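# Report on the structure
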Amino acid sequence: MLDTNIHSMFDLMKVFPDEDSCIRYLEHIRWVGGPVSPFDPESKVYKCAGGKYKCKNTGRYFNVRTGTMYDNTKISLQKWFLAIWLITSHKKGISSIQLGKDIGVTQKTAWFMLQRIRACFGIENNPAEKFEGIIECDETFVGGKNKNRHKDKKVEASQGRSFKDKTPVVGILQRGEVSKVKCIVARDTKRKSIQPFINKVVERDAVIISDEWHAYKGLESRYDHHVVDHGKKQYVDYENSEIHSNSIEGFWGILKRAYNGIYNWWSRKHMQKYVDEFVFRFNLRKLKQNERFNFLNLNSGVRTKYKQLIT
């Protein structure tokens, strides 16, 4: 297991001085009871030369990187581990330009690495894990501000909830000792787009708090639904201070500051991956840095091909 005394990139490189140490770590953390074939988990496995293994039932060869975000990569695992350390430790993320400079690869390669890593971040945004208790629901719009655009690039009638030039993101936050969020990039903010997500993610006996947006109407038939009327400058229920949506608003603030300060622009096509990045970082914020590193490698079984990203 990763040394718990790791606190910096310098410590990380001491623990992983070469490729073999990285491979031994991955084999230990992913194959606790010994090698497992990605083609047939029940099959017997033979060890071969060069760090390869052979699946008896299928006759196919594999290694610990097969079927993971490291599959078929020409980048050293040391650089991959550095990239993971950087993106999970920087609270506002890291741009592909900066990552490329930090680990010595091109911007194009760094972007591809980051997108592979973000695909694994999606484990924390899994709708199969339902929320319960007190839930805050809200939506936000991600995109540039019209007032900051050059006059030739301004978009007409793009104020407020218009998503001509912005993309809506719906978020659900579960309060607790360590609050957690789930978010989806939505086509629009209509009831038919928002409520199926809520119904899928939230247990029926939960308490739901939202603003006055009409897409939340009807939730009272399934949940204990409370409304905070932001249109009337109401941000906390005066009779019950627990009725507010300030926690999810705080999450939006983190995401927006990173968008404006680090990334500057996300395409709609890839936006869900960027949102997953912030969900991952928020939900695991109480873990130590090396624990987040371990968690991601334990859940690294998602391979993303470059062609999938550009087509």
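Keep in mind the model is a prediction, meaning the values are calculated, not measured. (Residues numbered from 1 in each chain as written. Predicted model: local features only at pLDDT ≥ 70, side-chain atom pairs only at ≥ 80, totals over all residues. Heavy atoms only, no water.)

## Some remarks on helix H5 (residues 107–121)
Spelled out, the test is: Per the convention used, a helix needs a DSSP run of H or I reaching at least four residues, while a strand needs a run of E reaching at least two, with both numbered from the N terminus. An expected span of 1.5 Å times one less than the residue number is assigned to each helix. Any residue under 20% of the maximum accessible area for its type is buried, any over 50% is exposed, and the rest in between are partly exposed; the area is computed with a 1.4 Å probe on protein chains only. What makes two residues a contact is simply this: any of their non-hydrogen atoms within 4.5 Å.
A rise of 1.5 Å per residue sets the reference length of H5, with its 15 residues, at 21 Å; its end C-alpha atoms lie 21 Å apart and thus fit the reference within 8%. Taken residue by residue, H5 has Ala110, Trp111, Met113, Leu114, Gln115, Arg116, Ile117, Arg118, Cys120 and Phe121 as its buried positions. Looking at the buried positions of H5, the neighbouring elements they touch are helix H3 (77–89), helix H4 (96–103), helix H7 (246–263), helix H8 (271–283), helix H9 (289–298) and helix H10 (306–310).

## Considerations on the sheet that holds strand S1 (residues 45–47)
Threshold: Pairing between two strands is assigned when DSSP locates at least 2 bridges connecting them.
Here we have 3 strands laid out as an open sheet, ordered S1-S2-S3, and antiparallel in their pairing. This sheet does not close on itself; its edge strands, each paired only once, are S1 and strand S3 (61–62). Pairing analysis gives 3 bridges linking S1 to strand S2 (residues 53–55), with the strands arranged antiparallel. From the neighbouring strand, Tyr46 faces S2, where its bridge partner is Lys54.

## Structural notes on the sheet that holds strand S4 (residues 134–142)
Threshold: Angles here are taken between N-to-C directions and fall from 0 to 180 degrees, while the axes themselves are lines fitted to C-alpha atoms, restricted in helices to the stretch in contact.
Reading across the sheet, the 5 strands line up as S6-S5-S4-S7-S8 and stay open at both edges, with mixed pairing between neighbours. The open sheet has two edge strands, strand S6 (180–185) and strand S8 (224–227), and neither has a second partner. On average, adjacent strands in this sheet sit at an angle of 25° to one another, irrespective of strand direction. Pairing analysis gives 6 bridges linking strand S5 (residues 167–174) to S6, with the strands arranged antiparallel. Looking at the pairing, Gly171 lines up with Cys183 of S6. Each of S4, S5 and S6 touches H8; the most contacted strand, S6, lies at about 175° to it.

## A short note on the packing of aromatic side chains
The line we're drawing: Between 30 and 60 degrees the pair is tilted, below 30 it is stacked and above 60 it is edge-to-face, where a pair is any two Phe, Tyr or Trp rings, Trp via its six-membered ring, whose centres lie within 6.5 Å. To sit over a ring, a charge needs its Lys NZ or Arg CZ within 6 Å of the ring centre and within 35 degrees of the ring normal.
This structure, assessed with the given rule, holds 25 aromatic pairs. Centroid distance Phe251 to Phe282: 5.3 Å. Interplanar angle 75°. Geometry classified as edge-to-face. Placement of Phe251 in helix H7 and of Phe282 in helix H8 is noted, with a sequence separation of 31 residues between them. A relative accessible area of 1% means that Phe251 is categorised as buried. Three or more aromatic residues joined by ring pairs make a cluster, and in this case those are Phe16, Tyr25, Tyr70, Trp80, Phe81, Trp85 and Phe293. In this structure, Arg60 is placed above the aromatic ring of Phe39, and the distance from its NZ or CZ to the ring centre is 3.9 Å. Above the plane of the ring of Phe278 lies Arg281, whose end atom (NZ or CZ) is 5.1 Å from the centre.

## A word on the packing of H7 against H8
The packing of two helices is summarised by the inter-axis angle and the distance between the axes. Worth spelling out the cut-off: Should an angle fall under 35 degrees it is taken as roughly parallel, and over 145 as roughly antiparallel, whereas 65 to 115 is taken as roughly perpendicular and any remaining angle as oblique. Crossings are sorted by hand: turned counterclockwise from the far helix by less than a right angle, the near helix makes the crossing left-handed, and turned clockwise it makes it right-handed. Three categories are distinguished: nonpolar for Ala, Val, Leu, Ile, Met, Phe, Trp, Tyr, Cys and Pro, charged for Asp, Glu, Lys and Arg, and polar for the others, with Gly belonging to the last.
Put simply, H7 and H8 touch, their axes get as near as 11 Å, and they point 125° apart. Comparing the axis directions of H7 and H8 gives the class oblique. Every pair of crossing elements has a handedness; the one defined by H7 and H8 is right-handed. Residues Phe251, Ile254, Leu255, Ala258 and Tyr263 of H7 pack against Tyr274, Val275, Glu277, Phe278, Val279 and Phe282 of H8. Looking at the contact of H7 with H8, its residues break down into 10 nonpolar, no polar and 1 charged.

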